[in-house]
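For reference, the chains in residue letters:
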Amino acid sequence: MGAEPQVRDERRAGMWVGILILFILVAGSGSFVIASHKWWLQPLASEQGRVIDEYFVWILAVTAIAFVASHLFLAIGLIRFGARGNERASYWHEHLGAELTWTIVPAIAFIFLGILGVFTWSRIYSAPPSNAEVVEITGRQFFWYVRYPGPDGKFGRVDPKRISVSNPLGLDPSDPAGKNNVLVVNELHLVNNRPVEVRIRSVDVIHSFFLPNFRVKQDAVPGRVAEIWFTPDKPGTYQIACAQLCGVGHYTMRGNVTVDTQAAFDTWLKQQKPIR
Ligand code: CUA
């Protein structure tokens, strides 16, 4: 006995939706494969970045499996079932095993990612090692101030009320610690294999200090000092970017990071003039 014309139309529609979902699956996976060969993460240049990248790959793998499995399941269901026109829907208690499987397996996968995320976070946002070099980064429309403490390792006190054209960071002249601080613009130098603690500030709006090669991204918020540390482990020159839309000149907030030997770093720092 043939199916009613209306049922036949619905079946055909279901089949086309199934094919469409298969197409989305192939196009989605295919464009990922092509895009990942052209555009991928920037070359890695820090120890902590490896931890981030591992977590990134875990998330990508778990979500990729979920994407492929759910689309295949949906497409096969639409194309295969209902093809004869006399099937009936079945309910969850008739397939308890299947119901439990597709509830529990994704739950375990996402709990796993959550726990892994907590460990990843704790490996990155920990107290910096005592031998870390300290540098202060201050965002301003539209560049980055980089301040080094000088030989005594001390930063001079700053006070936002003192900020002016000639005193962009608002340095307090009565604090002797500020005398030998070194201030450079858009130029960060680091020592290879030496941990660096970066104190991030802003003097106007919210910026975001972004070092793609080191997998470091931290908002610069006025009135607060955010601290982050990492260990560069590949000499070279990389870019600093601003990852927070901060005004019309946002795109110009670029700088360079140079990872060098301790000797080359010392030479460079000596060539820079102290603030006063
Ligand atoms: Cu600063 Cu965008």
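For the structure itself, look to the data block above.
Residues numbered from 1 in each chain as written. Predicted model: local features only at pLDDT ≥ 70, side-chain atom pairs only at ≥ 80, totals over all residues. Heavy atoms only, no water.

A. Main features of the overall build of the protein. A count of helices and strands for the protein gives four helices and 10 strands. Mapped in sequence order, the helices and strands of the protein form the string α-α-α-β-β-β-β-β-β-β-β-β-β-α. Relative to its full complement of 276 residues, the protein shows a buried share of 33%. In the protein, once contacts between residues fewer than 6 apart in sequence are set aside, the share between residues at least 24 apart is 71%. Entry remark: accessible area of the protein is about 16700 Å², with carbon and sulfur atoms responsible for 65%. Positive and negative charge centroids in the protein, built from 27 and 23 side chains respectively, lie 4 Å apart. (Helix = DSSP H or I, 4+ residues; strand = E, 2+ residues; numbered from the N terminus. Buried < 20%, exposed > 50% of the residue type's maximum accessible area, 1.4 Å probe, protein only. Contact = heavy atoms within 4.5 Å. Areas by Shrake-Rupley, 256 points an atom, 1.4 Å probe, with all protein chains shown as cover. Lys, Arg positive; Asp, Glu negative; His and termini not counted. Charge placed at Lys NZ, Arg CZ, Asp CG, Glu CD.)

B. Spotlight on the pairing of strand β9 (residues 236-242). As judged from the two bridges shared by strand β6 (residues 207-211) and β9, these two strands associate in the antiparallel manner. For Phe209, the partnering residue across the bridge sits in β9 and is Cys242. Taken together, the five bridges between β9 and strand β10 (residues 255-260) define a ladder with antiparallel strand orientation. Looking at β10, one finds that Thr237 is bridged to Thr258. (Pairing = 2+ DSSP bridges.)

C. Representation of the packing of aromatic side chains. Inspection of every chain in the model, using the stated rule, returns 12 aromatic pairs. Their ring planes at 15 degrees and their centres at 4.1 Å tell us that Trp121 and Tyr125 sit as a pair that is stacked. Judged by relative accessible area, Tyr125 falls into the partly exposed class, the value being 34%. Grouping aromatic residues by their ring pairs yields a cluster made of Phe32, Trp40 and Phe56. (Phe/Tyr/Trp six-rings, centres within 6.5 Å; stacked < 30°, edge-to-face > 60°.)

D. Geometry of unusual backbone geometry. The step from Gln141 to Phe142 runs through a cis peptide bond, and the omega angle for that step is 0 degrees. By secondary structure assignment, the location of Phe142 is in the loop between β1 (133-140) and β2 (143-148). Of note, Asn186 is a non-glycine position whose phi angle comes to about 55 degrees, a positive value. Position of Asn186 among the secondary structure elements: in the loop between β3 (182-185) and β4 (187-191). On the accessibility criterion, Asn186 (18% relative accessible area) is buried.

E. Local environment of the pattern of salt bridges. Tallied over the full model, the rule gives seven salt bridges. For Asp53, the salt bridge is made with Arg215, and the minimal N-O distance between the two is 2.7 Å. Of this pair, Asp53 sits in helix α2 (residues 47-80) while Arg215 sits in the loop between β6 and β7 (216-220), and the two are 162 residues apart along the sequence. Residue Asp53 shares its accessibility class with Arg215, and that shared class is buried. Arg157 is the salt-bridge partner of Asp172, the closest N and O atoms lying 3.2 Å from each other. Taken together, the positions of Asp172 in the loop between β2 and β3 and Arg157 in the loop between β2 and β3 put the pair 15 residues apart, joining distant regions of the chain. According to the relative accessible area criterion, Asp172 is buried, its value standing at 9%. Each of the salt bridges in this network shares a partner with another, and the network as a whole consists of Glu136, Arg147 and Arg201. (Salt bridge = Lys/Arg side-chain N within 4 Å of Asp/Glu carboxyl O.)

F. Structural context of the sheet that holds β9. The mixed open sheet is built from five strands, whose spatial order is β4-β10-β9-β6-β7. Every interior strand has two partners, whereas the edge strands, β4 and β7, have only one. Pairwise comparison of adjacent strand axes, ignoring direction, gives a mean angle of 20 degrees for this sheet. (Axes fitted to C-alpha atoms, helices over the stretch in contact; angles between N-to-C directions.)

G. Region of interest: the environment of Ala263. Topologically, Ala263 is positioned in helix α4 (residues 262-271). The class of Ala263 is exposed, set by a relative accessible area of 53%. Separated by 218 residues in sequence, Ala263 and Ala45 place their C-alpha atoms 19 Å apart.

H. Main features of the sheet that holds β1. Pairing is mixed across the open sheet formed by five strands, whose spatial order is β3-β2-β1-β5-β8. What marks the edges here is a single partner per strand, and that holds for β3 and β8 (226-230). In this sheet, adjacent strand axes meet at a mean angle of 25 degrees when their direction is disregarded. In this structure, β1 lies alongside strand β5 (residues 196-202), joined through seven bridges in parallel fashion. Bridged to Gly139 within β5 is Ser202. Sheet strands in contact with α4 are β1, β2 and β3, and its direction is about 105 degrees off that of β2.

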